[in-house]
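# Examination of the molecular architecture
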Amino acid sequence: MNKIYYLASCDTCRKIIKALPQGHDLGFQDIKQDPITEEQLEEMYQLSGSYKTLFSKKAQLYKSLGLKDKALTEADFKKYILEHYTFLSRPVFIINGAIYIGNSQQNMLQVHTALS
């Protein structure tokens, strides 16, 4: 099933969802209300090839925990993403076996193409 992992309280995520093409077949998962499971994260990892790619360094917790001053490993990235939803770079789309991570303009163009 095609899916989007997002944060309902995120203005950017809401804007992106509102702009999605009509007739898409996405399942929606608000990662704050329904946290991602280790199995879901593992699927994202298999598609992206890296936990670091899935990790958001924009999270306020990243700075407040002093993580920017540490040399984080793939295992660390995985642990933090599973511990707190804010560490997952959002939104994450899985469409027809491909993964699209983040909200860059290029990424959103690829998502719209994949859904059309």
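One structure accompanies this document, and this report is about it.

Quick notes on the rules
Residues numbered from 1 in each chain as written. Predicted model: local features only at pLDDT ≥ 70, side-chain atom pairs only at ≥ 80, totals over all residues. Heavy atoms only, no water. Salt bridge = Lys/Arg side-chain N within 4 Å of Asp/Glu carboxyl O. Helix = DSSP H or I, 4+ residues; strand = E, 2+ residues; numbered from the N terminus. Buried < 20%, exposed > 50% of the residue type's maximum accessible area, 1.4 Å probe, protein only. Polar contact = N/O pair within 3.5 Å; in protein donor to acceptor, adjacent residues only side chain to side chain. Contact = heavy atoms within 4.5 Å. Axes fitted to C-alpha atoms, helices over the stretch in contact; angles between N-to-C directions. Parallel < 35°, antiparallel > 145°, perpendicular 65-115°, else oblique. Left-handed = near helix turned anticlockwise from the far one by under 90°. Nonpolar A, V, L, I, M, F, W, Y, C, P; charged D, E, K, R; others polar. Pairing = 2+ DSSP bridges. Arc of directions from axis to C-beta.

## Quick notes on the pattern of salt bridges
Where charged atoms from two side chains of opposite charge come close, those side chains can pair. Applying the stated criterion across every chain yields a total of four salt bridges. Salt-bridge contacts for E42 lead to K78; the nearest nitrogen and oxygen are separated by 3.9 Å. Here K78 lies in helix α5 (residues 74-83) and E42 lies in helix α2 (residues 38-48), a separation of 36 residues in the sequence. Look at E42 and you get partly exposed, because its relative accessible area is 28%. The structure contains a network of salt bridges with shared partners spanning E38, E42 and K78.

## Description of the side chain of Q40
Inspection of the secondary structure puts Q40 in helix α2. A relative accessible area of 14% means that Q40 is categorised as buried. Here the side chain of Q40 touches Q29 through a polar contact of 2.9 Å, side chain to side chain. For Q40, the contacting residues outside a window of four places in its chain are K3, Y5, Q29 and P35.

## A closer look at the packing of α2 against α5
The contact between α2 and α5 brings their axes to 11 Å, and the two run at 135 degrees. Classified by the interaxial angle, the pair formed by α2 and α5 is oblique. Crossing geometry of α2 relative to α5 is assigned as right-handed. Where α2 abuts α5, its residues E38, L41, E42 and Y45 lie against E74, K78, I81 and L82. When the residues that make up the contact of α2 with α5 are grouped by side-chain class, the tally is four nonpolar, no polar and four charged.

## Remarks on the pairing of strand β4 (residues 98-101)
Of the strand pairs in this sheet, strand β3 (residues 92-95) and β4 are connected by four bridges, and their pairing is antiparallel. Within the sheet, the bridge partner assigned to I95 lies in β4 and is A98. Counting the residues that bridge the hairpin from β3 to β4 gives two residues, and of these N96 lies at a positive phi of roughly 50 degrees.

## Points about helix α6 (residues 105-115)
Regarding α6, the residues found buried are N107, M108, V111 and L115. The buried residues of α6 all sit within an arc of 95 degrees when viewed along its axis, so they share a single face. Residues Q105, Q106, L109 and T113 are exposed on α6 and point more than 90 degrees away from its buried face. Looking at the buried side of α6, the elements it contacts are α1 (11-18), β2 (26-30), β3 and β4.

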